[in-house]
Amino acid sequence: RLEFEMLADIGLVGAPNAGKSSLLTRISSARPKVAPYPFTTLEPVLGTVEAGDTTFVVADLPGLIEGASTGVGLGDQFLRHARRSRVLIHIVDGSGLERRPLEALDAINHELNSYGAGLGSRPQVVAFNKIDLAESRELWPAFAATCREHDSTPVAISAATGEGLPVLIEQALIRLAGAPMPERPSSG
């Protein structure tokens, strides 16, 4: 059995409907399917991002749910794509409509850690999406403070309006500059 694995500089991870595909559409010329229902992305979609004189490849990865690391919702198959990304941008739905942002962040990080393959220690940028919504603006200060307490610097963004995206790209490039190439998974 032959299995291909793509290599991306940055992988977009997060829960379904967090805004991963919308973000990729906004920062690159890629056009992944964007829809208001979960699991519109079932296969990774690649986009090339140009930032000044630098270009890098971003992969929109399928949404993760609790239990993904054990195969729930095909999550183990989705997570295998993340292991070939040098840096992860963790998109969190800041609106809190489906789940509190901190709970969502913790749940996905738990799946990354549980899956192994170094995903739990992979350089990560936390993107608090949907800051253009009143609900998100209300939740942002507490979310940012808690992240900073845990040595993480979150970035407030809106994939819909473009707010905060230059800062997100800058933070991603900083992490990318020091990120090693991911190890090749062992065959077997």
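Treat the numbers as computed from the prediction; the structure is a model and nothing was measured. (Residues numbered from 1 in each chain as written. Predicted model: local features only at pLDDT ≥ 70, side-chain atom pairs only at ≥ 80, totals over all residues. Heavy atoms only, no water.)

Notes on the pattern of salt bridges
Part 1: Taken as a whole and assessed by the stated rule, the structure comprises four salt bridges.
Part 2: E103 serves as the salt-bridge partner of R99, at 3.8 Å between the closest nitrogen and oxygen.
Part 3: Of the residues examined, R99 reaches a relative accessible area of 32% and is grouped as partly exposed. (Salt bridge = Lys/Arg side-chain N within 4 Å of Asp/Glu carboxyl O. Buried < 20%, exposed > 50% of the residue type's maximum accessible area, 1.4 Å probe, protein only.)

A look at the packing of aromatic side chains
Part 1: Evaluated as defined, the whole model comprises three aromatic pairs.
Part 2: Grouping aromatic residues by their ring pairs yields a cluster made of F128, W140 and F143. (Phe/Tyr/Trp six-rings, centres within 6.5 Å; stacked < 30°, edge-to-face > 60°.)

Comments concerning the pairing of strand 1 (residues 8-14)
Part 1: For strand 1, the tally of buried residues reaches seven of seven residues, placing the bulk of the element in the interior.
Part 2: In this structure, strand 1 lies alongside strand 4 (residues 85-93), joined through six bridges in parallel fashion. When the sheet's bridge partners are listed, V13 is paired in strand 4 with H90.
Part 3: Sheet topology places strand 1 next to strand 3 (residues 54-60); three bridges connect them, and they run parallel. What sits directly across from L12, in strand 3, is D60. (Helix = DSSP H or I, 4+ residues; strand = E, 2+ residues; numbered from the N terminus. Pairing = 2+ DSSP bridges.)

Observations regarding the packing of helix 1 (residues 20-27) against helix 5 (residues 165-177)
Part 1: Two elements in contact, helix 1 and helix 5, have axes separated by 12 Å at closest approach and are oriented at 90 degrees. In this view, helix 1 runs roughly perpendicular relative to helix 5, as classed from their interaxial angle. Together, L23, R26 and I27 of helix 1 and L165, L168 and I169 of helix 5 make up the contact between the two elements. (Axes fitted to C-alpha atoms, helices over the stretch in contact; angles between N-to-C directions. Parallel < 35°, antiparallel > 145°, perpendicular 65-115°, else oblique. Contact = heavy atoms within 4.5 Å.)

Some remarks on the sheet that holds strand 2 (residues 45-51)
Sheet strands line up and pair through hydrogen bonds in the backbone, either parallel or antiparallel.
Part 1: As summarised here, the arrangement of the six strands in space is 2-3-1-4-5-6, forming an open sheet in which the pairing is mixed. Lying at the two open borders of the sheet, with one neighbouring strand each, are strand 2 and strand 6 (155-156).
Part 2: Its contacts with the sheet place helix 4 (residues 134-149) against strand 4, strand 5 (124-129) and strand 6, and it is angled at close to 150 degrees to strand 5.

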